[in-house]
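# Coordinate inspection notes
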Amino acid sequence: MKLLYLAWWFFRARFFGRRRPLQTVLFISDKCNLRCKHCNVYRDNPTTKTYQQIREELEYSYRQGARFVDFEGGEPFLWKDGNFDVNDLCDLAKKTGFFSTTITTNAQMPFAGSRANSIWVSMDGTGKYHDEIRGEGTFDRLVKNIANSGHRHLSVNMVVNNRNYENVEAAIKFAKENPHIEKISINFHTPYEGTEHLYIGDLKLRTKIIDKIIEMKRAGYPIMNSVSGLKLMKTNKFKKQCWVSNFIMTDGTRLDTCPGAYVDICDRCGFCMAGEMHAVYTLRPDTLLAGFSLRL
Ligand SMILES: C[S@@+](CC[C@H](N)C(=O)[O-])C[C@H]1O[C@@H](n2cnc3c(N)ncnc32)[C@H](O)[C@@H]1O
């Protein structure tokens, strides 16, 4: 059933040019318990959506075609509306018809018993590298909370910038050795306004880092990125297919592609999903396999 839907979606997109999302990135609040150096999402006077608003946004996205949803923030585990918490949003998404739910978290609060199908924990390096970007003590809390989470599908997500790039190899090794982590995905910093100083603009350095990641992937390290997707990230010169995800922002704005496209930043994009979505769209077998193993 799920496979049939995916095949049908792909067929219409690839051969009839139908531009409809398969995934929704749904920002539920911009309230956060961290002030990460690379982030421009959190607000000091945060907005939190109601359960009812999120229900409408899930129904809208489902009607658009999306079948996977990622709850984003702010910090999603802080979200509450009366007695509802983010677990109730996962249940609601499943009831709406979504195939699977994901939560992206900084893992600073315990999240044992999470009903999301998969959890992405943001880990920007090991030890002091992570703490430099996210604040003192954040790495130790992350390690403790993922160990206590008991979640069977937990992966980590690293954003590489000019403060932590020397730690990429160590972070990948850490992901392999930690029994609570399934995979690691590697992204590069995208220089949104106010965070430009962290951007790695030197393409030679970026290529060197990516070549190392490809080497480790080929050596069997649990890296989520496909080799095709990684190669595309070296120059960033490929046609973006980021309409595969729709985005619903904290203020309720409904975007039919990545918000980066609206601020003209795609040529400096570091989100690995940009390359992965292009590689899926052009039927690269290794990326298709990575996508299936991640999603189904
Ligand atoms: C905005 S955070 C919100 C979710 C949660 N609070 C967390 O820290 O994972 C979502 C993801 O976006 C990433 N991110 C934030 N700013 C970024 C940037 N400028 N470039 C690339 N990734 C970024 C974070 O590292 C994190 O993995």
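Residues numbered from 1 in each chain as written. Predicted model: local features only at pLDDT ≥ 70, side-chain atom pairs only at ≥ 80, totals over all residues. Heavy atoms only, no water.

Once that is clear, we can look at the state of the cysteines. A full pass over the atoms with the stated rule returns zero disulfides. You can see Cys32 has no disulfide; the closest cysteine sulfur is in Cys36, sitting 6.0 Å from it. Not engaged in a disulfide, the cysteine Cys36 finds its nearest cysteine sulfur in Cys39; these two sulfurs lie 6.0 Å apart. Looking at Cys36, the relative accessible area reads 7%, which means it is buried. (Disulfide = S-S within 2.5 Å. Buried < 20%, exposed > 50% of the residue type's maximum accessible area, 1.4 Å probe, protein only.)

In this section: the site of the ligand. In the vicinity of the ligand there are 20 residues, among which His38, Gly74, Ser122, Asn157 and Thr190 approach most closely. Between the ligand and the protein, one listed contact pairs a nitrogen atom with a side-chain N or O atom of Glu75 at 3.2 Å. For the ligand, whose accessible area on its own is 550 Å², the fraction buried by protein is 93%. (Near = heavy atom within 4 Å. Polar contact = N/O pair within 3.5 Å; in protein donor to acceptor, adjacent residues only side chain to side chain. Areas by Shrake-Rupley, 256 points an atom, 1.4 Å probe, with all protein chains shown as cover.)

Another aspect to go through is the packing of aromatic side chains. Throughout the structure, instances matching the rule amount to nine aromatic pairs. Ring centres 3.8 Å apart and planes at 10° place the aromatic pair Tyr51 and Phe84 in the stacked group. Taken as a pair, Tyr51 in helix H2 (residues 51-64) and Phe84 in strand S4 (residues 84-85) lie far apart in primary sequence, 33 residues in all. Assessed through its relative accessible area of 13%, Tyr51 is described here as buried. Ring centres of Phe77 and Phe111 lie 5.4 Å apart, and the angle between their planes is 25°; this geometry places the pair in the stacked category. Highlighted residues: Phe77 in the loop between strand S2 (68-72) and strand S3 (80-81) and Phe111 in the loop between strand S5 (100-105) and strand S6 (118-122), separated in sequence by 34 residues. Each member of the pair, Phe77 together with Phe111, is buried. The structure contains a cluster of three or more aromatic residues connected by ring pairs, namely Tyr5, Phe68 and Phe99. Above the ring of Tyr62, the side-chain terminus of Arg67 is found at 3.7 Å from the ring centroid. The ring of Phe238 carries Lys240 above its face, with NZ or CZ at 4.1 Å from the centroid. (Phe/Tyr/Trp six-rings, centres within 6.5 Å; stacked < 30°, edge-to-face > 60°. Helix = DSSP H or I, 4+ residues; strand = E, 2+ residues; numbered from the N terminus. Lys NZ or Arg CZ within 6 Å of the ring centre and 35° of its normal.)

Attention shifts here to the pattern of salt bridges. Summed over the entire model, instances satisfying the criterion amount to eleven salt bridges. For Asp91, the salt bridge goes to Arg115, with nearest N and O atoms at 2.8 Å. With Asp91 in helix H3 (residues 86-96) and Arg115 in the loop between S5 and S6, this pair connects stretches of sequence that are 24 residues apart. Here Glu215 and Lys212 are joined by a salt bridge, their closest N and O atoms 3.2 Å apart. You can see Glu215 and its partner Lys212 sitting in helix H7 (residues 203-218), three residues apart, about one turn around the helix. (Salt bridge = Lys/Arg side-chain N within 4 Å of Asp/Glu carboxyl O.)

What follows deals with the pairing of strand S7 (residues 154-160). Here S7 lies mainly inside the structure; seven of its seven residues are buried. Of the two faces of S7, the one lined by Leu154, Val156, Met158 and Val160 and the one lined by Ser155, Asn157 and Val159 are each fully buried. Where S6 lies against S7, four bridges are found, and the strand directions are parallel. In the sheet register, Trp120 faces S7, and the bridge partner there is Ser155. With five bridges connecting them, S7 and strand S8 (residues 184-188) associate as parallel partners. Looking at the pairing, Met158 lines up with Ile186 of S8. (Pairing = 2+ DSSP bridges.)

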